[in-house]
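Here are the chains, one letter per residue:
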Amino acid sequence: MKTAALPLAPAAATSPLVYIKLVFVTLFWGGTFIAGRIVAHALPVMTAAALRFAVASALLLLVAWQREGGLPRLSRQQVLATAVLGLTGIFLYNLCFFGALGRMPAGRAALFIALNPIVTALAAALLLRERLTAVKWAGIALAFGGAAIVITRGDPVAALRDISQSVGLGELLMVCAISSWAAYTLVGRSALKGLSPIAATTYASLWGLLFLTIGAARDFGTVEWSAIGWQVWTGLCYVGAFGTVLGFVWYYEGVKAIGASRTAVFNNLVPVFGISLAALLLGEQVLASMIAGGVLVAAGVTLTNR
């Protein structure tokens, strides 16, 4: 019997544990901005990213072996596709992610990440000719309006007079990170048919680790490893284990149980947790423009995912 012929389970039959896990996923992802900021101030960017994915790749290999009996052989097309995934979603994204967190507050960076689904939808429309409805276009406009409020700290007129007051290298790196993730998402959607999410992510992580290790090789010898405190090692383990592996596994459990669109809505909680944790743990200031802009971005993402 084809699985497509089976009736979908009603929402009421879904275990509450699925929703609890998805909330924790967004908590983990919000926490990566705090851990990432601590790590970014202690290690070179490339080294920090390489260590993150050394942890993540080892754990993903264990998950792949436990759940799927190991990794499948790849075709030539899949080798190229996973290499591109590693280059975009692992190498470039983490280079920009850690670079940005070394230059801007963690809470502010978390709000930028809320634009991920918007930029991905826009890129799919422009590059893959995917049709966007009027509602989705309205959601995109609303989200970008909210982002403008966040980026300009609530004063877009002043930003027009002097853009350097609002947009620095950190903000530009976050835009590059979002763009890298959009590329990762689109490549994964179109080029990885026949691979499970766990297999695709594990191969991408291994490729990304290879690229990052090559890039970080010259920095390894210059790092004073004995001077690195427990907070940095804890942060690296956190972003590798919780922010990458456990978050990924639980997120795709949610996609399987309640569908991709309903699961994606939970991403709106990531900046909420990111801002809250940054205020509690790092003492960062929460601006009114961050809250107002964040609400608009969340509303825009929700409309786009309808």
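None of the values given here were measured: they were computed from a predicted structure.

The rules we used
Residues numbered from 1 in each chain as written. Predicted model: local features only at pLDDT ≥ 70, side-chain atom pairs only at ≥ 80, totals over all residues. Heavy atoms only, no water. Phe/Tyr/Trp six-rings, centres within 6.5 Å; stacked < 30°, edge-to-face > 60°. Helix = DSSP H or I, 4+ residues; strand = E, 2+ residues; numbered from the N terminus. Lys NZ or Arg CZ within 6 Å of the ring centre and 35° of its normal. Patch = residues over 30% accessible without salt bridge, like charges linked within 9 Å, V, L, I, M, F, W, Y side chains within 5 Å. Areas by Shrake-Rupley, 256 points an atom, 1.4 Å probe, with all protein chains shown as cover. Salt bridge = Lys/Arg side-chain N within 4 Å of Asp/Glu carboxyl O. Buried < 20%, exposed > 50% of the residue type's maximum accessible area, 1.4 Å probe, protein only. pLDDT = per-residue confidence, 0-100. Contact = heavy atoms within 4.5 Å. 1 Å grid on protein atoms, 1.4 Å probe; cavity = no way out; pocket = protein on both sides within 12 Å on 5 of 7 lines; lining within 4 Å. Points joined across faces, edges and corners; volume = space filled by probe spheres on them. Nonpolar A, V, L, I, M, F, W, Y, C, P; charged D, E, K, R; others polar.

(A) Local environment of the packing of aromatic side chains. For the structure on display, the rule yields 17 aromatic pairs. Judged by centre distance (6.3 Å) and plane angle (35°), the ring pair of Tyr 19 and Phe 266 falls under tilted. With Tyr 19 in helix α1 (residues 16–40) and Phe 266 in the loop between α11 (260–264) and α12 (269–282), this pair connects stretches of sequence that are 247 residues apart. Look at Phe 28 and Phe 242: their rings are 5.3 Å apart centre to centre, the planes differ by 65°, and that puts the pair in the edge-to-face class. With Phe 28 in helix α1 and Phe 242 in helix α10 (residues 230–258), this residue pair connects regions lying 214 residues apart in the sequence. Through successive ring pairs, a cluster of aromatic residues spans Phe 33, Tyr 93, Phe 97, Phe 98, Trp 181 and Tyr 184. The ring of Phe 97 carries the charged tip of Arg 52 above its face, separated from the ring centre by 5.7 Å.

(B) Up close: a nonpolar patch on the surface. On the surface, a cluster of nonpolar side chains totalling about 400 Å² of accessible area is made up of Ile 38, Leu 280, Leu 281 and Leu 282. Per-element accounting of the nonpolar patch gives the leading share, 3 residues, to α12. Secondary-structure assignment places Leu 280 in helix α12. Its relative accessible area of 71% is what places Leu 280 among the exposed residues.

(C) Up close: the confidence of the model for the protein. Looking at the protein, the pLDDT average stands at 83 and 88% of residues meet or exceed 70. Ranking the helices and strands of the protein by mean pLDDT puts helix α2 (residues 45–68) first, with 94, and helix α7 (residues 156–161) last, with 58. Every residue in residues 1–12 is under pLDDT 50, and counting partners more than four places away or in other chains gives 3 contacts.

(D) Local environment of empty space enclosed by the protein. Per the stated rule, a full pass over the model turns up 1 cavity of 30 Å³ or more. By volume, the largest cavity amounts to about 30 Å³. What lines the largest cavity is simply Leu 111, Phe 112, Leu 115, Ala 147, Val 150 and Ile 151. At the level of secondary structure, the elements contributing two or more residues to the lining of the largest cavity comprise α4 (106–113) and α6 (134–151). Ranked by residues supplied to the lining of the largest cavity, first place goes to α6 with 3 residues. Class assignment of the residues belonging to the lining of the largest cavity gives a composition of 6 nonpolar, no polar and no charged.

(E) Seen up close, the environment of Tyr 251. Relative to the assigned elements, Tyr 251 resides in helix α10. For Tyr 251, a relative accessible area of 14% puts it in the buried group. Sequence separation of Tyr 251 and Leu 22 is 229 residues, and the distance between their C-alpha atoms is 6.2 Å. Sequence-distant contacts of Tyr 251, defined by excluding residues within four places in its chain, comprise Leu 22, Val 25, Trp 29, Thr 263, Ala 264 and Asn 267.

(F) Spatial organisation of the pattern of salt bridges. Counted by the stated rule, this structure contains 4 salt bridges. The salt bridge partner of Lys 21 is Glu 253, with a shortest N-O separation of 3.0 Å. On the criterion of sequence distance, the pair formed by Lys 21 in helix α1 and Glu 253 in helix α10 is long-range, its members being 232 residues apart. A salt bridge links Glu 284 to Arg 37; the shortest N-O distance between them is 3.6 Å. Taken as a pair, Glu 284 in the loop between α12 and α13 (288–304) and Arg 37 in helix α1 lie far apart in primary sequence, 247 residues in all.

(G) Main features of the layout of surface pockets. The computed volume of the largest pocket comes to approximately 1600 Å³. In this structure, the largest pocket is lined by 47 residues; those nearest its centre are Trp 181, Tyr 184, Thr 185, Tyr 251 and Tyr 252. Elements supplying a minimum of two residues to the lining of the largest pocket: α1, α2, α3 (76–101), α5 (116–127), α8 (169–191), α9 (197–220), α10 and α11. Residue composition of the lining of the largest pocket, by class: 26 nonpolar, 16 polar and 5 charged. Of the voids in this model, the second largest pocket is the one considered here, and its volume is about 210 Å³. Around the second largest pocket, the lining residues are Arg 67, Glu 68, Pro 197, Ile 198, Phe 248, Val 249, Tyr 252, Glu 253, Val 255 and Lys 256. Elements that contribute at least two residues to the lining of the second largest pocket include exactly α2, α9 and α10. Broken down by element, the lining of the second largest pocket gets its largest block of residues, 6 residues, from α10. Each residue belonging to the lining of the second largest pocket can be placed in one class, and the counts come to 6 nonpolar, no polar and 4 charged.

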